[in-house]
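Residues per chain are reported as follows:
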Amino acid sequence: MQDLLARMNAVCDAQPFDTTWCVKDLATGWHADRGGDVVTPSASTRKTSILMHALSKVHEGKLRLDEPCTIEARLQEGVDSGTYQYMTPGCVIPLRDAFVNMIITSDNVCTQIVLERLDRDELNAWCRGIGMTGTTHRVNFPPPGLAWDHPVDAVASTTAHDQVLLLDRMVAGATDPTAAVALGATPELCRLGLDILSWQRLRNLIPCLLPAKTKVANKTGRGPRGRMDAGVVYRGEAPRFIIAVYCDRVPDTLPDGLPGFTAAYATAGRLTRLCWDTMN
């Protein structure tokens, strides 16, 4: 595994931006990171914790998966992610489908629907309670016109380690009722959370260099400072490893003239492929 670490760090060292990552081999328990506890903007990777906290509220009986949710014009204003910004106001979907679209297309109309049913203090307390000590949900959405070099505390923030910990707990909870209880959920709800993540439509980061049709349960993010992704990579239907990659302070344009985000995508993909080739 020392060779794997050296090769992963070499990929990061070659980039003109900061990359932190964390990985866990689910077969052996081996765990490694590069700046895994560095707090960084979370962008939409925060939505995995929002999803699981919301599912804990379903378990408590405070939310219902079949609860009707109306797509309102006010929720569509200023939205730049997902598809429901283009839908006819007044259409109604169940809360379950809001969960799905919040994750698989990072839909921010649906994210607002979910967040309006949650208390941010309770969400942060839930994160702390499961061990995500570097994660903070601050505002529903970043203020418009946020500068490229904005401070971390202007937005929601997290760490690569926290995201791997959450996904690891979800994997454990999917088969172990005691592990599910630690998330305030049930095995069925943990499996639903992983299923939703596995329906992800945005596959240009962690999955981009894996064999076609590889199952990956992941949540991507993009913000003024960078690109990020955290997910469970499967071999067949079995969870094989978990990886989180955060590319921060990514320049708009690279020295060769290409957009900076293309290098962030490639970095996440190459790190994941190195783990895939070594662990398989």
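Further up the page is the structure itself.
Residues numbered from 1 in each chain as written. Predicted model: local features only at pLDDT ≥ 70, side-chain atom pairs only at ≥ 80, totals over all residues. Heavy atoms only, no water.

Trainee: Looking at this structure, how should I read the overall build of the protein chain?
Mentor: Of regular secondary structure, the protein chain possesses ten helices and nine strands. Computed over its C-alpha atoms, the radius of gyration of the protein chain comes to 18 Å, within 12% of the 19 Å expected for a compact globule of 280 residues. Seen through its C-alpha atoms, the protein chain measures out along the principal axes to roughly 50 × 45 × 35 Å. Burial statistics for the protein chain: of 280 residues in total, 55% are counted as buried. A separation threshold of at least 6 residues defines the contact pool for the protein chain, and within that pool the share at least 24 residues apart is 64%. Looking at the protein chain, you have 29 positive and 31 negative side-chain charges, and the mean spots of the two groups are 3 Å apart. (Helix = DSSP H or I, 4+ residues; strand = E, 2+ residues; numbered from the N terminus. Rg over C-alpha atoms; globule rule 2.2 N^0.38 Å. Buried < 20%, exposed > 50% of the residue type's maximum accessible area, 1.4 Å probe, protein only. Contact = heavy atoms within 4.5 Å. Lys, Arg positive; Asp, Glu negative; His and termini not counted. Charge placed at Lys NZ, Arg CZ, Asp CG, Glu CD.)

Trainee: I would appreciate a short explanation of the side chain of D25 in the present structure.
Mentor: With respect to the helices and strands, the residue D25 is situated in strand β1 (residues 18-25). Overall, D25 belongs to the buried group, its relative accessible area being 2%. Only 2.8 Å separates the side chain of D25 from the backbone nitrogen of A27, close enough to count as a polar contact. Polar side-chain contacts of D25 include one of 2.5 Å to the side chain of R240. When residues no more than four places from it in sequence are discounted, the contact partners of D25 are M1, W30, R240, F241 and M279. (Polar contact = N/O pair within 3.5 Å; in protein donor to acceptor, adjacent residues only side chain to side chain.)

Trainee: How do you make sense of the layout of surface pockets when you look at a structure like this?
Mentor: Empty space left among the atoms is revealed by rolling a probe the size of a water molecule over them. For the largest pocket, the calculated volume is near 860 Å³. Around the largest pocket sit 39 residues that line it, and S44, D80, N108, P142 and R222 are the ones nearest its centre. Taken together, the elements giving at least two residues each to the lining of the largest pocket come down to α5 (108-115), β7 (216-223) and β8 (226-235). A total of five residues in the lining of the largest pocket trace back to one element, the largest contributor, which is β7. Across the lining of the largest pocket, the residue classes break down as 16 nonpolar, 15 polar and eight charged. (1 Å grid on protein atoms, 1.4 Å probe; cavity = no way out; pocket = protein on both sides within 12 Å on 5 of 7 lines; lining within 4 Å. Points joined across faces, edges and corners; volume = space filled by probe spheres on them. Nonpolar A, V, L, I, M, F, W, Y, C, P; charged D, E, K, R; others polar.)

Trainee: Whenever I open this one, helix α7 (residues 160-173) confuses me. Can you help?
Mentor: What sets the pattern is the α-helix's 3.6 residues per turn: residues three or four places apart point alike. Here α7 spans 20 Å end to end across 14 residues, near enough to the 20 Å set by a 1.5 Å rise per residue. When you tally the buried positions in α7, you get ten out of 14 residues, the bulk of the element. Among the residues making up α7, those that are buried are A160, D162, Q163, V164, L165, L166, L167, M170, V171 and G173. (Expected span 1.5 Å × (residues − 1).)

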